[in-house]
Amino acid sequence: QVQLVESGGGLVQAGGSLRLSCAASGRSFGSYAVGWFRQAPGKEREFVGGISWSDEPTYYADSVKGRFTVSRDNAKNTVYLLMNSLRPDDTAVYYCAAALSTRVYLARYEYDYWGQGTQVTVSS
């Protein structure tokens, strides 16, 4: 199994940038696909973007496409979510999740392991 810890959340102004990190322990990300999800108050948890450990990001939600980028650092066993041009409606708790797969899943139920989440708040 793998344990995931998100970090990097905080308060930013609209138009700003923030980079979230998802660090793995227990096992490496080598056998896993990693997805980023977010959940805003009163809304369902939604897929943001994802990457496999041996590949590049394969999908982004329409709401973040062109603004957010998923990347990885193999040496640090860490996956990142770089968020640019942030908007107030990006405010949410952001989670990373891992699936024992060579491909990225869009559905929440496909993921076996989840981090604790990190709060991102974008002010106007």
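Look up a bit, the structure's there.
Residues numbered from 1 in each chain as written. Predicted model: local features only at pLDDT ≥ 70, side-chain atom pairs only at ≥ 80, totals over all residues. Heavy atoms only, no water.

Undergrad: So what's going on with the state of the cysteines? Residues and values would help.
TA: Taken as a whole and judged by the stated rule, the model has 1 disulfide. Two residues share a disulfide in this structure: Cys 22 and Cys 96, whose sulfurs sit 2.1 Å from each other. Every disulfide takes its handedness from the sign of the S-S torsion; for Cys 22 and Cys 96 that torsion is 65°, giving right-handed. Separated by 74 residues along the polypeptide, Cys 22 in strand β3 (residues 18-25) and Cys 96 in strand β9 (residues 92-99) bring together distant segments of the chain. Each member of the pair, Cys 22 as well as Cys 96, carries the same accessibility label: buried. (Disulfide = S-S within 2.5 Å. Helix = DSSP H or I, 4+ residues; strand = E, 2+ residues; numbered from the N terminus. Buried < 20%, exposed > 50% of the residue type's maximum accessible area, 1.4 Å probe, protein only.)

Undergrad: Describe the sheet that holds strand β7 (residues 68-73), naming the residues involved and giving the relevant values.
TA: Strands belonging to one sheet form pairs held by backbone hydrogen bonds; the direction of such a pair is parallel or antiparallel. Strands sit in the order β1-β3-β8-β7 across an open sheet of 4 strands; the sheet is antiparallel. The strands lining the two open edges of the sheet, one partner per strand, are β1 (3-7) and β7. Across the sheet, the mean angle from the axis of one strand to that of its neighbour is 20°, orientation sign disregarded. Bridge count for β1 against β3 is 5 bridges, and the pairing is antiparallel. From the neighbouring strand, Leu 4 faces β3, where its bridge partner is Ala 24. (Pairing = 2+ DSSP bridges. Axes fitted to C-alpha atoms, helices over the stretch in contact; angles between N-to-C directions.)

Undergrad: Describe the packing of aromatic side chains, and please don't skip the residues or the numbers.
TA: Here the structure, examined in full by the defined rule, presents 8 aromatic pairs. With centroids separated by 5.0 Å and ring planes inclined at 50°, the aromatic side chains of Phe 37 and Trp 114 adopt a geometry described as tilted. Here the residue Phe 37 occupies a position in strand β4 (residues 33-39), and Trp 114 occupies one in strand β10 (residues 113-114), the gap between them amounting to 77 residues. Ring geometry for Tyr 111 versus Trp 114: centroids 6.2 Å apart, planes at 65°, classification edge-to-face. Overall, the relative accessible area of 5% leaves Tyr 111 in the buried class. Members of the aromatic cluster, each reached through a chain of ring pairs, are Phe 37, Phe 47, Tyr 59, Tyr 95, Tyr 105, Tyr 111 and Trp 114. Arg 19 extends its terminal NZ or CZ atom over the ring of Tyr 80, reaching a point 4.2 Å from the ring centre. Directly above the ring of Tyr 95 sits Arg 45, whose terminal nitrogen or CZ lies 3.9 Å from the centroid. (Phe/Tyr/Trp six-rings, centres within 6.5 Å; stacked < 30°, edge-to-face > 60°. Lys NZ or Arg CZ within 6 Å of the ring centre and 35° of its normal.)

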